[in-house]
Amino acid sequence: MNTHFIAIGGSAMHNLAIALKDKGYHVTGSDDAIFEPSKSRLEIKGILPPEMGWFPDKITPNIDAVILGMHAHQDNPELAKAKELGLKIYSYPEFLYEQSKNKTRVVIAGSHGKTTITSMILHVLNFHQKDVDFMVGAQLEDFDCMVKLTQDNDFMVLEGDEYLSSPIDLRSKFLLYQPNIALLSGIAWDHINVFKTFDDYIEQFKKFVASITPGGVLVYNEEDTEVVKVVDAAENYFRKIPYKTPEYEINNDQVYLKTEMGDIPLSIFGAHNLLNLEGARHICQQLGIMDESFYEAIMSFKGASKRLEKVEREDKGILYKDFAHAPSKVKATVKAFKEQFKKEKTYGFLELHTYSSLNPIFLEQYDHAMDGLDEAIVFYSEDALKIKRMEPISPELIQEKFKNNHLKVFTKAEDLHAYWNTLDKATGAYLMMSSGNFGGLDLTK
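Source: prediction; values computed, not measured. Here the residue index of a chain counts from 1 through its sequence in written order. Side-chain atom pairs in this predicted model are given and counted only at pLDDT of 80 or more, local residue features only at pLDDT of at least 70, and totals for whole chains, interfaces and linings cover all residues. Neither water nor hydrogens contribute to the side-chain values; these are computed over all heavy atoms in the structure.

A. Highlighting the sheet that holds strand β3 (residues 65–68). Pairing is parallel across the open sheet formed by 4 strands, whose spatial order is β2-β1-β3-β4. Here the strands that pair on one side only, and so sit at the sheet edges, are β2 (26–30) and β4 (89–91). Averaged over all pairs of adjacent strands, the angle between strand axes in this sheet comes to 25°, irrespective of strand direction. DSSP bridges decide pairing: two strands pair if at least two such bridges lie between them. Segments assigned H or I by DSSP are reported as helices when at least four residues long, segments assigned E as strands when at least two residues long, and all are numbered from the N terminus. When β3 meets β4, the two strands line up parallel, connected through 3 bridges. Counterpart to L68 in the pairing with β4 is S91. The strands that helix α4 (residues 92–100) touches are β1 (2–6), β3 and β4; relative to β4, the one it contacts most, it runs at about 100°. The angle between two axes is taken between their N-to-C directions and runs from 0 to 180 degrees, where each axis is a line fitted to C-alpha atoms and a helix contributes only its stretch in contact. For this analysis, residues touch if any pair of their heavy atoms sits within 4.5 Å.

B. Inspection of the pattern of salt bridges at higher detail. A pair is scored as a salt bridge if a Lys or Arg side-chain nitrogen falls within 4 Å of a carboxyl oxygen belonging to Asp or Glu. Counting across every chain of the model gives 19 salt bridges. Between E98 and K101 there is a salt bridge whose closest N-O contact spans 2.6 Å. A relative accessible area of 31% means that E98 is categorised as partly exposed. Linking K412 and E382 is a salt bridge whose minimum nitrogen-to-oxygen distance equals 3.3 Å. Of this pair, K412 sits in the loop between β21 (408–410) and α13 (413–421) while E382 sits in helix α11 (residues 382–387); the two residues are 30 residues apart in sequence, bridging distant segments of the chain. Judged by relative accessible area, which is 33%, E382 ranks as partly exposed. Exposed residues in this analysis have more than 50% of their type's maximum accessible area, buried residues have under 20%, and partly exposed residues fall in between, with area computed by a 1.4 Å probe over protein chains only.

C. View of the domain arrangement of the protein chain. As annotated, the domain borders come from an automatic or database domain assignment. Looking at the assigned domains, one finds that the protein chain contains domain 1 (2–87), domain 2 (95–299) and domain 3 (309–440). Taken together, the contacts link 16 residues of domain 2 with 17 residues of domain 3. Defined here as a combined quantity, buried area equals the accessible surface (1.4 Å probe) lost by two parts on assembly, summed across both. Between domain 2 and domain 3, the buried area comes to about 1,500 Å², and carbon and sulfur atoms account for 60% of it. The largest contributions to the domain 2 side of the interface with domain 3 come from W189, I192 and F269, which together make up 38% of the buried area. There are 0 salt bridges connecting domain 2 and domain 3. Between N or O atoms, a polar contact is any pair within 3.5 Å; within protein, one atom must be a potential hydrogen donor and the other a potential acceptor, and residues adjacent in sequence are included only when both atoms are from side chains. The interface formed by domain 2 and domain 3 includes 5 residue pairs in polar contact (both at pLDDT 80 or more). Elements supplying a minimum of two residues to the side of domain 2 that touches domain 3: β14 (248–251) and α8 (271–286).

D. Structural view of the side chain of T115. The residue T115 is located in helix α5 (residues 114–127) in this model. Once you skip the residues sitting within four places of it in the chain, T115 turns out to touch V136, G137, A138, E159, A304 and R307.

E. A look at the nonpolar core. Note on terminology: a nonpolar core comprises buried Ala, Val, Leu, Ile, Met, Phe, Trp, Tyr and Cys residues joined through side-chain atoms within 4.5 Å. Grouped together as the largest cluster of nonpolar side chains are 122 residues, with contacts concentrated most on L16, L96, I121, L352, M370, I398 and F402. Here I398 is in contact with L352, L363, V378, Y380, I393, L407 and V409, once residues within four sequence places are set aside. In this structure, F349, F410, Y419 and W420 belong to the second largest nonpolar core, which totals 16 residues.

F. Examining the UniProt feature "domain: Mur ligase central" (unreviewed entry) in the protein chain more closely. UniProt positions are given in the numbering used here, feature names are shortened, and annotations may be inferred rather than shown by experiment. Under the UniProt annotation, the feature "domain: Mur ligase central" (unreviewed entry) is placed at residues 108–277. Structurally, residues 108–277 comprises 25% helix and 29% strand, and the distance from its first C-alpha atom to its last is 13 Å.

G. Representation of helix α6 (residues 198–210) in the model. Take the number of residues in a helix, subtract one, and multiply by 1.5 Å to get its expected span. Along its 13 residues, α6 runs 19 Å from first to last C-alpha, staying within 8% of the 18 Å computed at 1.5 Å per residue. Among the residues of α6, Y201, I202, Q204, F205, F208 and V209 are the ones counted as buried. Viewed end-on, α6 has its buried residues packed into an arc of 145°, placing them on one side of the element. Considering only its buried residues, α6 is in contact with β5 (104–109), β10 (169–172), β11 (181–184), β12 (216–221), α7 (225–233) and β13 (238–243). The arc under discussion is defined with respect to the helix axis, by the directions toward the C-beta atoms.

H. Just the pairing of β1, in detail. Taken across its 5 residues, β1 has 4 buried, putting it largely inside the fold. Bridge count for β1 against β2 is 5 bridges, and the pairing is parallel. Paired with I6 across the strands is S30, a residue of β2. In this view, the connection linking β1 to its parallel neighbour β2 by way of helix α1 (residues 11–23) has right-handed handedness. In terms of strand pairing, β1 meets β3 through 4 bridges, oriented parallel. Look down the strands so they point away from you; if going from the first strand over the helix to the second traces a clockwise path, that crossover is right-handed.

Encoded structure:
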């Protein structure tokens, strides 16, 4: 099968390209810029475009599928040529469904926790050598690619994102998967650039639940009131399995899960991660992994990439990085960090990097998000606001919206780095929350 990727360099897109190459497909692609690690990974597989840019001549009648990434625009010249030739054009999620329509599809959705839950499920299945197809949004230990597609596997586990499918398909990605088994971890307003109101956002999850195949299964977080409302209002037929935070305790910085089989030591921490674990356990039951086998495997789960991921520092200091940027994620991560490191002075750094997090209206969602930390620091780039064509934001407004007058706010990377260099990172515990890189801050030094 001949496939061509428009915007092959994206985090998700390049993984799908590699998965198809491994499956034996002929893969080509284009992009106007490709960065690491995508560049090296595509090059190793022999599918890195020889030059950057868009080339309509690459679009020929013998292409079976054109896969369109979100990075491309509606007026992309390769897309125009594909339409002219009448080629089949897929969004990323649409193509994943096409690859899995004859399999049992397991879709993990929610505003927060979906990457971690998907990662936990895949870790447990891999531990017990149960082979499945999958797509997950983070690099996992013992997995060389974030997408796996085969002819023979019976199951496909998919992380279900509510963001848009492609520049020409404005449906939420998870609406294309039609799950047989689904999980809903939580609902907290995000992606304000697309979903202008909370009701608009909620509607996507209502549609997701309605897309579960007849007689399917939904595992859902019963502690989230918005999730419960959506589940209770659903009119389609499926089996409902609620879950909640399990009992646990912390002894000498070690987290133990309380179970009927005894106390299970874990390599992760935080109530939100224990809640994620419980959701993953119920999904694994649906896949034939019973509790004893689940607990045996989950003990060695160290977390998904950039989800409370420990950074090894030269000075052996305590530092964790987390992808948290949405308000609900920040609050859960800060709470977990404070609970885990009660003896140390805690420092929390948050970079406001996304469109939503830099919107003055949406900023109200961050109220008290950094409370309880000994030192709370927020960084955002004034240049990023200009690039996104957004109005300037004052440090005073950040303090007001966070409802934290002790918040330190930096708007220039050099000032943040100067402050960082005054700190003794060998003492205390540091939490770095960002989907960016704090203006190039080296967290290992």
